[in-house]
Amino acid sequence: MSSAATRPAGPDDLWSVDEHLEDILSTVRPLEPIELQLLDAQGCVLVEDVTVPVPLPPFDNSSMDGYAVRVADVAGAGEEFPAVLEVVGDVAAGASDPVRVGPGQAARIMTGAPLPPGAEAVVPVEWTDGGLGEGPVSGMRARSLAPEGAEGQVHVYRPAEARAHVRAKGSDVKAGDLALEAGTVLGPPQIALLAAIGRGTVRVRPRPRVVVLSTGSELVQPGEQLATGRIYDSNSFALTAAARDAGAIAYRVGAVADDAETLRSTIEDQLIRADLLVTTGGVSVGAYDVVKEALSYAGDAEEAGSGVEFRRLAMQPGKPQGFGSIGPDHTPLLALPGNPVSSYVSFELFVRPAIRTLMGLEDVHRPRARATLKAERALRSPKGRRQFLRGAYADGEVTPVGGSGSHLIAALAHADALIVLPEDVESAEPGTEVEVVLLG
């Protein structure tokens, strides 16, 4: 049950933004860890330290295509007096029993191949005649086309120091080193490291499954014919995309008509695949605000402790909000306003931190910064409300984008920050310093 249920508040009391967020984050808990295959673990958070079982690379190997040689045999080599060495064979990547290089000998070697016994360095093929006797070459001929390249003689035109062009065993990581710490989000480089050290599975908290539902009989799906009095459903697309951006596996449900029973049934159907439910629309005080009708705390739930409480916040946009849990597993549900900007701002402030908490991350909030307000006129904010205005942030300055209306979605597409005006600020003059929430 939401801890908010015990908060003493009259019907006209406003919740602060911080109180609402604290209620959410004190209720939502990280998902239980599971063992996943590497590619299935992309985007997940490690729950244990991973140590290196074998050194990387596991053996000395060549960083170039060329010839493995002894340093003494190429000392003093030059264009006029090259070192002439006997080629005793090829060493390809994956070779398990490479040839031995003795005095006056060389082995043709490929990038990544193990340094053969007796060899001390690698000379790039460009420093040699490639065994052709016709001066420096730019590369090797394919073995299938010229198998004789693995024998005969090679002329080397430059000396090499010990260990030249050799990747040392353990030069990347050594056995016993800490590869990744618990709490790491697994992206492509981290998955590459896990694969390189031989880990086929890893223990993580799974990415949360978030179901997004929009409500409203006026909503039409993009691509369909738009009749009089209807609008396209943008909220469900915006919030599903935002949930994915936050790290979730997000499912979008087509708009639900203004009918409480239909909404209840739809939500019940979605519980099987949801770690978090997000609705948008239907949370205000109108006669057709069906989310409130279907899920209000007093009228819900067969399960003791379940239910969604609806409240008003001292913020603009996004005053009406709902939060609680539903179903036998007490699945968290956040009910957001229906106006597009209100919905998106509410997501960034409340839903995104909830998703990041489910993932098991420590830092669940968007980064914030201080910026100089660059505007033609002062920004106004209602007394006692925390206002979030869209802005464009660059080089320590922020410029308002569009007006304060909660329906102005076009401006939202050009904003990368939210300008925050606290509850005790009614006017912010150009040139003053303001707080901004960085969105991207």
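Novice: I tried to follow the overall build of the protein on my own but got confused; where do I start?
Specialist: Regarding its fold elements, the protein presents 8 helices and 28 strands. The burial tally for the protein puts 46% of its 440 residues in the buried class. Once local pairs closer than 6 in sequence are excluded, the contacts in the protein between residues at least 24 apart make up 70%. Within the structure as shown, the protein displays about 20,900 Å² of accessible surface, and the carbon and sulfur contribution to it stands at 50%. Side chains of the protein carry 38 positive and 59 negative charges; the gap between the two charge centres is 3 Å.

Novice: Explain helix α7 (residues 340-359) here, please?
Specialist: The principal kink in α7, of about 45 degrees, is found at phenylalanine 347. Of all 20 residues in α7, 20 are buried; the element is thus mostly enclosed. Two residues or fewer after α7 comes glycine 360, characterised by a positive phi angle close to 90 degrees.

Novice: Just checking my understanding: could you explain the environment of alanine 238 for this structure?
Specialist: When you line up the elements, alanine 238 lands in helix α4 (residues 235-246). Separated by 35 residues in sequence, alanine 238 and arginine 273 place their C-alpha atoms 20 Å apart.

Novice: Is there a simple way to think about the pairing of strand β9 (residues 153-156) in this case?
Specialist: A regular strand carries its side chains on alternate faces of the sheet. Here β9 shows a clear split, with Val154 and Val156 buried on one side and none of Gln153 and His155 buried on the other. Here strand β6 (residues 83-91) pairs with β9 via 4 bridges, running antiparallel. Its bridge partner being in β9, alanine 83 is matched across the sheet by valine 156.

Novice: Help me understand the sheet that holds β9, please; the structure alone is not making it clear to me.
Specialist: Within a beta sheet, neighbouring strands are joined by backbone hydrogen bonds and run either parallel or antiparallel to one another. Spatial ordering of the open sheet is given by β8-β5-β7-β6-β9, a layout of 5 strands whose pairing is mixed. The open sheet has two free edges, formed respectively by β8 (121-124) and β9, since each of these has just one partner strand. Within this sheet the neighbouring strands show an average axis-to-axis angle of 40 degrees, counted without direction. When β6 meets strand β7 (residues 105-109), the two strands line up parallel, connected through 4 bridges. In the strand pairing of β7, valine 91 is matched with isoleucine 109.

Cut-offs applied
Residues numbered from 1 in each chain as written. Predicted model: local features only at pLDDT ≥ 70, side-chain atom pairs only at ≥ 80, totals over all residues. Heavy atoms only, no water. Helix = DSSP H or I, 4+ residues; strand = E, 2+ residues; numbered from the N terminus. Buried < 20%, exposed > 50% of the residue type's maximum accessible area, 1.4 Å probe, protein only. Contact = heavy atoms within 4.5 Å. Areas by Shrake-Rupley, 256 points an atom, 1.4 Å probe, with all protein chains shown as cover. Lys, Arg positive; Asp, Glu negative; His and termini not counted. Charge placed at Lys NZ, Arg CZ, Asp CG, Glu CD. Bend = angle between axes of the 7 residues up to and from the residue. Pairing = 2+ DSSP bridges. Axes fitted to C-alpha atoms, helices over the stretch in contact; angles between N-to-C directions.

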